[in-house]
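Spelled out, the chains give:
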Amino acid sequence: MPDTPPKPIQGDLIADNNVKIAVVVARFNEFITKHLLDGAVDTWVRLGGDAGALTVVWVPGSFELPVTAKKLAESGEYKAVICMGCVIRGETDHYDHVVEQTAKGIKDVAVSTGVPCIFGVLTCDTLEQAVNRAGSKMGNAGRSAMMTGIEMADLMKKL
Ligand code: INI
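Residues numbered from 1 in each chain as written. Predicted model: local features only at pLDDT ≥ 70, side-chain atom pairs only at ≥ 80, totals over all residues. Heavy atoms only, no water.

K.L.:
Quick rundown of the side chain of Thr43? Include the residues and the values.
P.N.:
With respect to the helices and strands, Thr43 occurs in helix α1 (residues 30-46). Within polar-contact distance, the side chain of Thr43 engages the side chain of Arg143 at 2.9 Å. Not counting the four nearest positions on each side in its chain, Thr43 is found in contact with Arg143, Met146 and Met147. (Helix = DSSP H or I, 4+ residues; strand = E, 2+ residues; numbered from the N terminus. Polar contact = N/O pair within 3.5 Å; in protein donor to acceptor, adjacent residues only side chain to side chain. Contact = heavy atoms within 4.5 Å.)

What follows is the structure, given as structure tokens:
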């Protein structure tokens, strides 16, 4: 008998207006995060979705992303929650606390609710690094966060 290769299971990259996705954006470093949001919405539209089908929620800073993602995930309405922020290292260890707790918080919400919560938070040493990842030299992290959210929302349906 010929050996048959395994049939992989994976999410498709199709924006379906009936599969609700929420985007939570931190206002801190809005100069950067508004471009991440623009990239995410544009990617959703280019993959076939209507911009109006997305739910966009603004929060003060990245530290507020997990609790907001939790509320959205627990509502049962959303198949993915995309969290976007920008944390830039300063002179103190504040950066480390914000980054660590934000990343862990977002992961905890995803694992406890079963709703994919995407870590679209830039963690940079300099403003230039953030600019490069918000629609210039290094692309736009908002785009990849949206693609990850769409793929994961579809994958969860198939598992
Ligand atoms: N929030 C960010 O999203 N990015 C930062 O770079 C940042 N820094 O550097 O302080 C930041 N701080 C605010 C934090 O997220 C909370 O909003 C605040 O601590 C209130 O809980």
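K.L.:
I'd like a rundown of the site of the ligand, residues and numbers included.
P.N.:
As a matter of local geometry, the ligand sits amid Phe28, Asn29, Gly61, Ser62, Phe63, Glu64, Cys86, Val87, Ile88 and His94. Ser62 is positioned such that a nitrogen or oxygen atom in its side chain is 2.7 Å from an oxygen atom of the ligand. Protein chains shield 74% of the accessible area of the ligand, which is 460 Å² for the free molecule. For the ligand, the cavity whose grid points lie within 2 Å of the majority of its atoms is the largest pocket. (Near = heavy atom within 4 Å. Areas by Shrake-Rupley, 256 points an atom, 1.4 Å probe, with all protein chains shown as cover. 1 Å grid on protein atoms, 1.4 Å probe; cavity = no way out; pocket = protein on both sides within 12 Å on 5 of 7 lines; lining within 4 Å. Sits in = over half its atoms within 2 Å of the grid points.)

K.L.:
Help me get a handle on α1, residues and values and all.
P.N.:
The first and last C-alpha atoms of α1 sit 24 Å apart over 17 residues, in line with the 24 Å expected at 1.5 Å per residue. Taken as a whole, α1 has its buried residues at Ile32, Thr33, Leu36, Leu37, Gly39, Ala40, Thr43 and Trp44. What you see down the axis of α1 is that its buried residues fit within an arc of 160°, all on one side. Residues of α1 that are exposed and point over 90 degrees away from its buried face: Phe31 and Arg46. After α1 finishes, the residue Gly48 shows a positive phi value of roughly 110°. (Expected span 1.5 Å × (residues − 1). Buried < 20%, exposed > 50% of the residue type's maximum accessible area, 1.4 Å probe, protein only. Arc of directions from axis to C-beta.)

K.L.:
Describe unusual backbone geometry, with residues and values.
P.N.:
Of note in the backbone geometry, Asn29 takes a positive phi value of approximately 60° without being a glycine. Within the element layout of this structure, Asn29 appears in the loop between β1 (21-26) and α1. What makes Asn29 partly exposed here is its relative accessible area of 23%.

K.L.:
Tell me about the side chain of Asp154, and name the residues and values.
P.N.:
Mapped onto the fold, Asp154 is located in helix α5 (residues 141-158). A distance of 2.7 Å separates a polar side-chain atom of Asp154 from the backbone nitrogen of Asp12. Excluding its chain neighbours within four sequence positions, the residues that come into contact with Asp154 are Gln10, Gly11 and Asp12.

K.L.:
Lay out a nonpolar patch on the surface with the relevant residues and their values.
P.N.:
Together, Ile9, Met156 and Leu159 line one region of the surface with nonpolar side chains, adding up to about 310 Å² of accessible area. The class for Ile9 is exposed, based on a relative accessible area of 52%. (Patch = residues over 30% accessible without salt bridge, like charges linked within 9 Å, V, L, I, M, F, W, Y side chains within 5 Å. Salt bridge = Lys/Arg side-chain N within 4 Å of Asp/Glu carboxyl O.)

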